[in-house]
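Given next are the chains, with one letter for each unit.
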Amino acid sequence: MNAVSCDLNAIRERDLDLIDSVVSTMIERAQTDPDAIMLVGAHCRDLLHIAHGHHMPLRSTNDIDIAVVVSEWEYYQRLTGHFNKTDGSDVRFLIDEIPVDIVPFGAIEDPAGSAAIPHRGDAVDVFAFREVFYRAPKLVLPSGVSIKLP
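Residues numbered from 1 in each chain as written. Predicted model: local features only at pLDDT ≥ 70, side-chain atom pairs only at ≥ 80, totals over all residues. Heavy atoms only, no water.

### Regarding the pattern of salt bridges
Using the criterion set out here, one finds seven salt bridges in the structure. Salt-bridge contacts for Asp63 lead to Arg92; the nearest nitrogen and oxygen are separated by 2.5 Å. With Asp63 in the loop between α2 (41-51) and β2 (64-69) and Arg92 in strand β4 (residues 92-95), this pair connects stretches of sequence that are 29 residues apart. Comparing Asp63 with Arg92, the two get one shared label, buried. The partner of Glu109 in a salt bridge is Arg130, and the shortest N-O contact between them spans 3.3 Å. Remark: Arg130 occurs in helix α4 (residues 129-135) and Glu109 occurs in the loop between β5 (98-105) and β6 (114-115); sequence separation between them is 21 residues. On the basis of relative accessibility, which here comes to 10%, the residue Glu109 falls in the buried class. (Salt bridge = Lys/Arg side-chain N within 4 Å of Asp/Glu carboxyl O. Helix = DSSP H or I, 4+ residues; strand = E, 2+ residues; numbered from the N terminus. Buried < 20%, exposed > 50% of the residue type's maximum accessible area, 1.4 Å probe, protein only.)

Next comes the structure, spelled out in C-alpha cells:
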C-alpha cells in the first residue's frame, strides 16, 4: 500500500482562523507558551484530513481541543484562571466565546498517561501525549505563531 503524503501547506488560512483566535487569546491573556500547545480532537483530525488531500465534509464540532504541556498544577490553574468554565467541566473553558477543552499533560502526570486535575473526581487520560507531542510537526497559524499538530 502506498503511503499518502501529508502536506501542511494544503491547509488554508481560513481553516486555521478559529484555532488562531483561540491560541492568540491564550498567549495574550494567559501568557501561554505557544511551544507548549498541541492541537488535538476533531479540529486536528480535520486539518490532517485536508493535509492528506481529502476535502469531503466531516462531522462538525463546536469546540476546540488543546493539549498543553504543564510542569506544575499552579501553572495550569493560572492559565485556566483567565477563562470562564463552561458545561460544569474542569477542562472546558470559553475563549473568545468558543468552548475550548484545555487538557494538561507532561510532568504533572501521575501515573504516566494520567492527569488528575485538582478538585476533579476523575483523571484525564493523556496516554502517549508526550511522545506524540515531541514527534509532531509545527503548524504555523495565520498570526505567525506555531503550535504542534500531531
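### Some remarks on the pairing of β4
Bridge count between strand β3 (residues 84-85) and β4: two bridges; the pairing is antiparallel. Bridge pairing links Lys85 to Phe93 in β4. As paired elements, β4 and β5 share four bridges and run antiparallel to each other. Within the sheet, the bridge partner assigned to Ile95 lies in β5 and is Ile98. If you look at the hairpin formed by β4 and β5, you'll find two residues sitting between the two strands, and Asp96 has a positive phi there, around 55°. (Pairing = 2+ DSSP bridges.)

### Some thoughts on α2
Among the residues of α2, those classed as buried are Ala42, His43, Cys44, Leu47, His49, Ile50 and Ala51. If you follow the buried residues of α2, they end up packed against α1 (13-30), β1 (37-40), β2 and β8 (138-140). Gly53 lies just past α2 and shows a positive phi near 90°. (Contact = heavy atoms within 4.5 Å.)

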